[in-house]
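Listed here are the chains, written in short residue letters.
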Protein chains: 2
Amino acid sequence: MPNIKLTLGYDGTGYHGFQLQKNAVTVQQKLEEAIEKVMGQKVRITASGRTDTGVHATGQVINFFAQTGIPPQRIPHALNAVLPRDIVIYAAEIVSDSFHARFDAVGKTYTYTIDNGAHPQVLSRHHAYHVRFPLDANLMKQAAATLQGKHDFTSFMASGSSVKTTVRNLYRLDVEINWPYITITAAADGFLYNMVRIIAGTLIEVGRGKRDHNLGPVIDAKNRHRAGWTVPAHGLVLREVEYNKK
Amino acid sequence: MPNIKLTLGYDGTGYHGFQLQKNAVTVQQKLEEAIEKVMGQKVRITASGRTDTGVHATGQVINFFAQTGIPPQRIPHALNAVLPRDIVIYAAEIVSDSFHARFDAVGKTYTYTIDNGAHPQVLSRHHAYHVRFPLDANLMKQAAATLQGKHDFTSFMASGSSVKTTVRNLYRLDVEINWPYITITAAADGFLYNMVRIIAGTLIEVGRGKRDHNLGPVIDAKNRHRAGWTVPAHGLVLREVEYNKK
């Protein structure tokens, strides 16, 4: 049975996150229902990772095994025809049987968008976090530079999370201004739970002048209490998942 | 009683247009309710113009007369606190008694956004019209240049509309590409009913190679049937209304 890889986007506003849950509508549930409708078989999908309630994606990756006569290039259209409009399949391909969307991911890119106008931009209210206090984006850039690289990011992980290692290579952390938006782009070999949202909260505190822009000591403390707060989910978008394997 | 001018935005997705209607929720109704709640008096607002169901605004202008102790610079915050989140007040000022949001408007700018990717960009699905057939934006630019200027735009007006004059000065008609988006920006001294949506529909037909890029003959025909179809409302945003008077 072929192993099918899908690249997809979703607006997380209407979902209780990605992963299947009893008594709550999730993206995974809608995807599995659509695949069953189109391919006539029940499947269990594997994602590159779950996303929390309210988090969006434009480049999530999943895989699943299914028998289908639909050629891969037609699969996005076939699924989009039955999916709700807030979930869109962008690409499909047949990959090797050993391909696993989670275990084989070698890098992920997220963006976190801040709307820093005096009043919220109405058309992006579900996809940007409104911060009305003026932020100094140059200070935020300097602070981002001190976080970039391979570090133990314990200070930037939701407390209570359990993982094998808390070391991650944050190989890109950019702060870009396109007024009134400030967009933080974070790319790493992997992220700890809530890591991007805690980084964003910490950078916002720097931008407000409430903490020093050298975040080296915060990394070194390996203590969640030393970093900033966890900003709301709705500014976060999973943009891309990278793989070496096909 | 002071004459208060407000600049505001709204996401038209959830409204039956701007103007008051019986048995349908409109932006005007929400605004008048909010003003009554905050200023303790019933008012009737005047807008620069109505917008249709599903059309958005980031720079709509209204005025109304009301007695209030709230200083103008605090009015946006006070109203935003009681308005639904899909309507946002950006600015307020006291203007002369003779200022009229509709009669004194000397120019308006609209954008119409096309999403020309193979599949719709999920996060902009309510604010961009998805056209899956590849469009030649350079042909659309050439066509736009033939529409720009002062013309009788009868061919680009919804049939059955009644107006004093069908001559408008379309002083700007730009087509910009920011893949996968193609954005049409139209600025004029005024617009006929559905004019931007008919222009967008006509430019899309040019971009698909289905009609000549010289639209001069279409203008000259003064016949609605000679122009393209009326594209859906959700790609349209009222960006700015200009005034000379204060």
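Reading the values: rules and limits
Residues numbered from 1 in each chain as written. Chains lettered and ligands numbered in written order. Predicted model: local features only at pLDDT ≥ 70, side-chain atom pairs only at ≥ 80, totals over all residues. Heavy atoms only, no water. Helix = DSSP H or I, 4+ residues; strand = E, 2+ residues; numbered from the N terminus. Buried < 20%, exposed > 50% of the residue type's maximum accessible area, 1.4 Å probe, protein only. Least-squares fit on C-alpha atoms with pLDDT ≥ 70 in both. Contact = heavy atoms within 4.5 Å. 1 Å grid on protein atoms, 1.4 Å probe; cavity = no way out; pocket = protein on both sides within 12 Å on 5 of 7 lines; lining within 4 Å. Points joined across faces, edges and corners; volume = space filled by probe spheres on them. Nonpolar A, V, L, I, M, F, W, Y, C, P; charged D, E, K, R; others polar. Buried area = accessible area lost by both parts, 1.4 Å probe. Salt bridge = Lys/Arg side-chain N within 4 Å of Asp/Glu carboxyl O. Polar contact = N/O pair within 3.5 Å; in protein donor to acceptor, adjacent residues only side chain to side chain. Pairing = 2+ DSSP bridges. UniProt positions renumbered as here; feature names shortened; annotations may be inferred. Axes fitted to C-alpha atoms, helices over the stretch in contact; angles between N-to-C directions. Parallel < 35°, antiparallel > 145°, perpendicular 65-115°, else oblique. Left-handed = near helix turned anticlockwise from the far one by under 90°. Arc of directions from axis to C-beta.

### Notes on unusual backbone geometry
Residue and element names in this part refer to chain A.
- Residue Trp179 is joined to Pro180 through a cis peptide bond whose omega torsion reads 5 degrees.
- If you trace the backbone, Pro180 turns up in the loop between strand E9 (172–178) and strand E10 (181–188).
- Positive phi outside glycine occurs at Asn194, with the angle close to 70 degrees.
- Structurally, Asn194 can be placed in the loop between E10 and helix H4 (195–207).
- Overall, Asn194 belongs to the buried group, its relative accessible area being 16%.

### Describing the relation of the copies chain B and chain A
- The transformation that overlays chain B on chain A combines an axial shift of 0.0 Å with a rotation of 180 degrees, and the residual RMSD is 0.0 Å. Accordingly, the operation relating the two chain copies is best matched by a two-fold axis. Closest approach to the rotation axis within chain B is made by the C-alpha atom of B:Ser124, at a distance of 4.4 Å.
- Mapped onto chain A, 100% of the interface residues of chain B are again interface residues, and the two copies thus contact each other with one and the same surface.

### Remarks on the layout of surface pockets
- Approximately 1,700 Å³ is the volume attributed to the largest pocket.
- Those elements giving two or more residues to the lining of the largest pocket turn out to be E9, E10 and strand E11 (236–243) of chain A together with strand E5 (105–115), strand E9 (172–178), strand E10 (181–188) and strand E11 (236–243) of chain B.
- Around the second largest pocket sit 36 residues that line it, and B:Gly49, B:Arg50, B:Arg102, B:Lys108 and B:Phe191 are the ones nearest its centre.
- Elements supplying a minimum of two residues to the lining of the second largest pocket: strand E2 (46–47), E5, strand E8 (167–170) and helix H4 (195–207) of chain B.
- A breakdown of the residues in the lining of the second largest pocket according to their chemical character gives 16 nonpolar, 12 polar and 8 charged.

### As for the interface of chain B and chain A
- Facing 26 residues of chain B, the contacting portion of chain A comprises 26 residues.
- Both faces considered, chain B and chain A share a buried interface measuring about 2,000 Å² in area, 60% of it formed by carbon and sulfur atoms.
- The interface formed by chain B and chain A includes 2 salt bridges.
- Ionic pairing is found between A:Arg125 and B:Asp11, a salt bridge with its closest N-O pair at 3.1 Å.
- Counting across the chain B and chain A interface gives 9 residue pairs in polar contact (both at pLDDT 80 or more).
- Those elements giving two or more residues to the side of chain B that touches chain A turn out to be strand E1 (3–10), strand E3 (56–65), helix H2 (75–80) and strand E4 (87–95) of chain B.
- For the side of chain B that touches chain A, the leading source of residues is E4(B), giving 4 residues.
- For the side of chain B that touches chain A, the class distribution of residues is 12 nonpolar, 8 polar and 6 charged.

### Here's the deal with the pairing of E8(B)
Residue and element names in this part refer to chain B.
- Here E8 shows one buried face, formed by Arg168 and Leu170, and one open face, formed by Val167 and Asn169.
- Note that strand E7 (residues 149–152) and E8 share 4 bridges and pair antiparallel. Across the sheet, the residue bridging to Lys150 is Asn169, located in E8.

### Concerning the UniProt feature "active site" (unreviewed entry) in chain A
Residues and elements named next belong to chain A.
- In the numbering used here, UniProt assigns the feature "active site" (unreviewed entry) to Asp52.
- Locating Asp52 in the fold gives a position in the loop between strand E2 (46–47) and strand E3 (56–65).
- Those residues in contact with Asp52 that lie beyond four places of it in its chain are Gly17, Tyr193, Asn194 and Arg197.

### Remarks on the packing of helix H3 (residues 137–147) of chain B against H4(B)
Residues and elements named next belong to chain B.
- Contact geometry of H3 with H4 gives a least axis separation of 8 Å together with a crossing angle of 135 degrees. When the interaxial angle is binned, H3 and H4 end up oblique. Taken as a pair, H3 and H4 cross one another with a handedness that is right-handed. Taken together, the residues of H4 that come into contact with H3 (itself represented by Leu139, Met140, Ala143, Ala144 and Leu147) are Ile199, Leu203, Ile204, Val206 and Gly207.
- Its residues placed into classes, the contact of H3 with H4 shows 9 nonpolar, 1 polar and no charged.

### Side note on H3(B)
Residue and element names in this part refer to chain B.
- Residues of H3 that are buried include every one of Ala137, Met140, Ala143, Ala144 and Leu147, and no others. Along the axis of H3, the buried residues cluster in a sector spanning 110 degrees; they form a single face.
- Residue Asp136 occupies the N-cap position of H3, its side-chain oxygen lying 3.0 Å from the main-chain nitrogen of Asn138.
- A positive backbone phi angle near 115 degrees is found at Gly149, which sits one or two residues after H3.

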